[in-house]
Amino acid sequence: MINADPAELEKFGELAHRWWDPNSEFKPLHDINPLRLGWINASIPLRGKRVLDVGCGGGLLSEGMAALGAEVTGIDLSEKPLGVAKLHLLESGHKVDYRKISVEELAEEMPASFDVVTCLEMLEHVPNPSSTITACARLVKPGGQVFFSTLNRNPKSYLFAVIGAEYVLQMLPKGTHDYAKFIKPSELSRWAKMGNLEPSELIGMSYNPFTKEYSLGRDTSVNYLMRTVRTA
């Protein structure tokens, strides 16, 4: 069984042609991409590193990491976003190896092959996030780093990420997120440790509806990012 929800793959596939439009449904991704890219590069300079982007979609983060000098592989199970990602390389001139393959399959094929693995804004969209995390752990070299980002599960997160973002501010299409799939930092940390990943940093990402800007900080109650290191 592939660890993917067909409805989720179809949902993002239908919007794929708008992935690189900064004023489309993917505007929040465009807005947060410089923040998360800067955070990763500050944690481990990407130049010359072999990097895997899990759930790469249309390639925003993958291309950003390639632009910083990383050797990037991007994987996804949705055909249309991958097609858009490959086409965009013709415009940007960057080099990314895009593949349609599950992270679990790739872990069997290429264990301990990457210096860095990123899995951002994806865990809340798969049926079995612990399986994804374990596969990410297998793919990174011992001492390498794996970066995750997802949504916390609590009443505030439901209010802000679902009601606020999808219905009030209409920043995201209705139905983008399923609150039941949100993940507490304690759960993510536990699953990471099961895969020999040691959590080393936890930060939050917040949105200010008045300035319409995102920022990184201590508030992990809604969006958060976790950096982990493979210990063995």
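Residues numbered from 1 in each chain as written. Predicted model: local features only at pLDDT ≥ 70, side-chain atom pairs only at ≥ 80, totals over all residues. Heavy atoms only, no water.

You'll find the protein entered in an unreviewed UniProt entry as Ubiquinone biosynthesis O-methyltransferase, with Azonexus hydrophilus given as the organism. UniProt, in the comment section headed Function (unreviewed entry), describes the protein in these words: "O-methyltransferase that catalyzes the 2 O-methylation steps in the ubiquinone biosynthetic pathway." Annotation of the protein in UniProt includes, under Pathway (unreviewed entry), the sentence "Cofactor biosynthesis; ubiquinone biosynthesis." (UniProt positions renumbered as here; feature names shortened; annotations may be inferred.)

Draft legend 1. The arrangement of the pairing of strand β8 (residues 223-230) in detail. Most of β8 is tucked away, with six of its eight residues classed as buried. Where strand β5 (residues 140-151) and β8 come together, seven bridges link them in antiparallel fashion. Looking across to β8, one finds that Phe 148 is bridged to Met 226. In the sheet, strand β6 (residues 197-208) pairs with β8 via eight bridges, with the strands oriented antiparallel. The residue bridging Glu 201 from the neighbouring strand is Arg 227, located in β8. (Buried < 20%, exposed > 50% of the residue type's maximum accessible area, 1.4 Å probe, protein only. Helix = DSSP H or I, 4+ residues; strand = E, 2+ residues; numbered from the N terminus. Pairing = 2+ DSSP bridges.)

Draft legend 2. Expanded view of the pairing of β6. Where β6 meets strand β7 (residues 213-217), five bridges bridge the pair, whose relative direction is antiparallel. Among the inter-strand pairings, Asn 208 is bridged to a residue of β7, identified as Glu 213. Where β6 folds back on β7, the antiparallel hairpin that results is connected by four residues, among which Lys 212 adopts a positive phi of roughly 60°.

Draft legend 3. A look at the environment of Thr 132. Position of Thr 132 relative to the elements: it lies in helix α6 (residues 129-139). Given a relative accessible area of 1%, Thr 132 falls into the buried group. Remark: the alpha-carbon pair of Thr 132 and Thr 73, spanning 59 residues in sequence, is separated by 16 Å. Those residues in contact with Thr 132 that sit more than four places away from it in its chain are Asn 3, Val 103, Glu 104, Cys 119, Met 122, Leu 123 and Val 126. (Contact = heavy atoms within 4.5 Å.)

Draft legend 4. How the structure looks around a nonpolar patch on the surface. Residues Tyr 167, Val 168 and Leu 169 make up a contiguous nonpolar surface patch of roughly 300 Å² in combined accessible area. Among the structural elements, Val 168 can be located in helix α7 (residues 155-168). Taking the relative accessible area as the measure of exposure, Val 168 reaches 59% and is therefore exposed. (Patch = residues over 30% accessible without salt bridge, like charges linked within 9 Å, V, L, I, M, F, W, Y side chains within 5 Å. Areas by Shrake-Rupley, 256 points an atom, 1.4 Å probe, with all protein chains shown as cover. Salt bridge = Lys/Arg side-chain N within 4 Å of Asp/Glu carboxyl O.)

Draft legend 5. Representation of the sheet that holds β5. Strands sit in the order β3-β2-β1-β4-β5-β8-β6-β7 across an open sheet of eight strands; the sheet is mixed. Every other strand in the sheet has two partners, leaving β3 (96-100) and β7 as the edge strands with one partner each. Pairwise comparison of adjacent strand axes, ignoring direction, gives a mean angle of 20° for this sheet. Judged from the five bridges that link them, strand β1 (residues 50-54) and strand β2 (residues 71-76) form a sheet pairing that is parallel. Looking at the pairing, Val 54 lines up with Ile 75 of β2. Across the face of the sheet, α6 comes into contact with β1, β4 (114-120), β5, β6 and β8 while running at roughly 150° to β5. (Axes fitted to C-alpha atoms, helices over the stretch in contact; angles between N-to-C directions.)

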